[in-house]
Amino acid sequence: MSEHAGTSGERMFKRLALIGVGLIGSSISHAARRAGLVGEIVGSSSTAETRDKAEALGLVSKAYADPADAVRGADIVILCTPVGAYGEIAKAIGPHLEKDAIVSDVGSVKAAAVRDIAPHIPGGVHFIAGHPVAGTEQSGPEAGFAELFDGRWCILTPEADADRMALAKLETFWQRLGSQVEIMTPEHHDLVLAITSHIPHLIAYNIVNTAAHLGRVTDSEVIKFSAGGFRDFTRIAASDPVMWRDVFLNNKEAVLEMLGRFSEDLVSLQRAIRFSDAATLERLFAEARAIRRGIIQAGQDTAMPDFGRRPEGTKPSES
Ligand code: NAP
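Everything quoted here is computed from the prediction, not taken from an experiment.

Draft legend 1. Region of the structure containing the pattern of salt bridges. Enumeration according to the criterion identifies 12 salt bridges in this entry. Glu142 is paired through a salt bridge with Lys53; the nearest N and O atoms lie 3.5 Å apart. Within this pair, whereas Glu142 is found in the loop between strand E7 (129–132) and strand E8 (153–157), its partner Lys53 is found in helix H2 (residues 48–56), the two being separated by 89 residues in sequence. Using a relative accessible area of 55% as the deciding quantity, one classes Glu142 as exposed. Judged by its relative accessible area of 27%, Lys53 falls in the partly exposed class. Residue Lys110 pairs with Asp105 through a salt bridge whose shortest N-O separation is 2.8 Å. A single burial state applies to Lys110 and to Asp105, both of which are buried. Through salt bridges with shared partners, a single ionic network connects Glu49, Lys53 and Glu142.

Below is the structure:
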């Protein structure tokens, strides 16, 4: 856990505008309040239902239908919508951004985020894209919690000419939300996340649908015997369909490259099974087990048995 987690301290910004107040937007609100980082938090969301909920839950003091209204007077603006909405939102807010404001985002793909947002950012406003590698399969304003980012990585992908002071400030902001911060290029981010997040989600969506379409195994058998491993995939496959549609539409190249590698490795496993190659199967499974141990040692998960169930009162955390 970050040394900053749960601590309150000096206020960094007077007005935070969250464009999109779902799982990630609401978690930023909770964590920013916990750390005393901002004076006021306002928001914007496309539906009246989410705006009403965000206000009722106290996530924002005011939720606007028009994102341009939310960014007026804000010294930090964070886009927390699905990535496919970025271009339209950036175009709408661009002319209304305050001089010296920091504009960032939380999208799961970064090259497309920079492509769609950067052209609309006026001179004197600092745009630095970001991605907190933390989340759950839940969505909406009620899904957020202050601890979501604790001990997790937040990747910032500044352009080469990004303002150093603004970058340092955004880095501190995420550290005080509980995260550890890493800096890389948008393209490298997209390649790394393709294998660590995007492909695993694709596999989960695919295996759940394959099971649903089986003729010789009934739906009730799939559900009844799901504890054999399937249940873990269903949790990932319960993630928001719009968010994930936009991830795959906006990280095509890296996902297709990693999918090619994945398919080759899958064929190796297929051959090992066909030819009863016990040594290869055992070696590959042992290598994979070592990766899992590395993740636990790095503090990115616990060794607690899970199988999709967690004790009451604890929150799942997955990127
Ligand atoms: P979410 O819970 O579904 O929330 C999305 C929010 O965006 C909702 O408030 C939604 O409003 C709003 N929205 C959608 N289109 C909009 C538009 N055109 N204008 C204004 N608001 C709009 O999603 P999330 O999980 O927080 O994901 C948000 C972003 O975080 C995505 O870019 C995703 O890639 C990234 N991310 C997600 C995770 C994760 O695990 N979920 C982790 C890291 C990063 P309405 O309800 O009013 O439509």
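Picking up after the structure, the text goes on.
Draft legend 2. Spatial organisation of the site of the ligand. Residues in close proximity to the ligand total 27 residues, the closest being Ser45, Thr47, Thr50, Thr81 and Ser108. Leu23 is positioned such that a nitrogen or oxygen atom in its backbone is 2.8 Å from an oxygen atom of the ligand. In the model, an oxygen atom of the ligand is placed 2.9 Å from a nitrogen or oxygen of the Ser46 side chain. When isolated, the ligand has an accessible area of 900 Å², and the protein chains bury 86% of it. At the level of elements, helix H1 (23–34), helix H4 (86–93) and E7 are the ones that each hand at least two residues to the shell around the ligand. In the shell around the ligand, the residues fall into 13 nonpolar, 14 polar and no charged.

Draft legend 3. Broad picture of the packing of aromatic side chains. Tallied over the full model, the rule gives 4 aromatic pairs. Centroid distance Phe173 to Trp174: 6.2 Å. Interplanar angle 85 degrees. Geometry classified as edge-to-face. The buried category is assigned to Phe173, whose relative accessible area is 0%. Judged by centre distance (6.0 Å) and plane angle (40 degrees), the rings of Trp244 and Phe248 are tilted. A residue pair is termed a helical-turn pair when its members lie 3 or 4 positions apart in one helix, as Trp244 and Phe248 do in helix H10 (residues 241–250) at 4 residues. Using a relative accessible area of 4% as the deciding quantity, one classes Trp244 as buried. Ring pairs connect the aromatic residues Phe13, Phe149, Phe173 and Trp174, which therefore count as one cluster. Against the face of Tyr64 rests Lys62, its NZ or CZ located 5.8 Å from the ring centre.

Draft legend 4. Spotlight on the domain arrangement of the protein chain. Taken domain by domain, the protein chain holds domain 1 (13–185) and domain 2 (189–297). Placing a centre on the C-alpha atoms of domain 1 and another on those of domain 2 gives a separation of 30 Å. At the interface, 18 residues of domain 1 touch 14 residues of domain 2. Carbon and sulfur atoms supply 61% of the area that domain 1 and domain 2 bury against each other, a total of about 1200 Å² over both sides. Looking only at domain 1, the three residues that lose the most surface to domain 2 are Ser108, Val109 and Glu137, adding up to 42% of its buried area. Where domain 1 packs against domain 2, one counts 1 salt bridge. Our count for the contact surface shared by domain 1 and domain 2 stands at 8 residue pairs in polar contact (both at pLDDT 80 or more). Among the secondary structure elements, those contributing two or more residues to the side of domain 1 that touches domain 2 are helix H5 (111–117) and E8. Top contributing element to the side of domain 1 that touches domain 2 by residue count: H5, with 3 residues. Split into classes, the residues belonging to the side of domain 1 that touches domain 2 amount to 9 nonpolar, 6 polar and 3 charged.

Draft legend 5. A look at the nonpolar core. One finds Leu16, Ile28, Ile78, Phe149, Phe173, Trp174 and Leu177 to be the most contacted residues of the largest nonpolar core, which totals 39 residues. Elements with a contribution of two residues or more to this core: strand E1 (13–19), H1, strand E2 (38–44), strand E4 (76–79), E8 and helix H6 (164–176). Dropping the residues within four chain positions of it, Phe149 is found in contact with Ile24, Ser27, Ile28, Ala31, Pro132, Ala134, Trp174, Leu177, Gly178 and Ser179. Residues Val71, Val103, Val109 and Ala112 belong to the second largest nonpolar core, which totals 33 residues.

Draft legend 6. Representation of unusual backbone geometry in the model. Positive phi, close to 75 degrees, is recorded for Asp100, a residue that is not glycine. Within the fold, Asp100 resides in the loop between H4 and strand E5 (102–105). The backbone of Ser276 sits at a positive phi, close to 50 degrees, despite the residue not being glycine. Tracing the backbone through its elements, the reader meets Ser276 in the loop between helix H11 (252–274) and helix H12 (278–297). Residue class for Ser276 comes out exposed when judged on its relative accessible area of 63%.

Draft legend 7. Quick look at H12. Under the 1.5 Å per step criterion, the end-to-end length of H12 is 29 Å for 20 residues, consistent within 8% with the ideal 28 Å. Phi turns positive one or two residues past the end of H12, at Gly299, with a value near 75 degrees.

Criteria and thresholds
Residues numbered from 1 in each chain as written. Predicted model: local features only at pLDDT ≥ 70, side-chain atom pairs only at ≥ 80, totals over all residues. Heavy atoms only, no water. Salt bridge = Lys/Arg side-chain N within 4 Å of Asp/Glu carboxyl O. Helix = DSSP H or I, 4+ residues; strand = E, 2+ residues; numbered from the N terminus. Buried < 20%, exposed > 50% of the residue type's maximum accessible area, 1.4 Å probe, protein only. Near = heavy atom within 4 Å. Polar contact = N/O pair within 3.5 Å; in protein donor to acceptor, adjacent residues only side chain to side chain. Areas by Shrake-Rupley, 256 points an atom, 1.4 Å probe, with all protein chains shown as cover. Nonpolar A, V, L, I, M, F, W, Y, C, P; charged D, E, K, R; others polar. Phe/Tyr/Trp six-rings, centres within 6.5 Å; stacked < 30°, edge-to-face > 60°. Lys NZ or Arg CZ within 6 Å of the ring centre and 35° of its normal. Domains from an automatic or database assignment. Contact = heavy atoms within 4.5 Å. Buried area = accessible area lost by both parts, 1.4 Å probe. Core = buried A, V, L, I, M, F, W, Y, C linked by side-chain atoms within 4.5 Å. Expected span 1.5 Å × (residues − 1).

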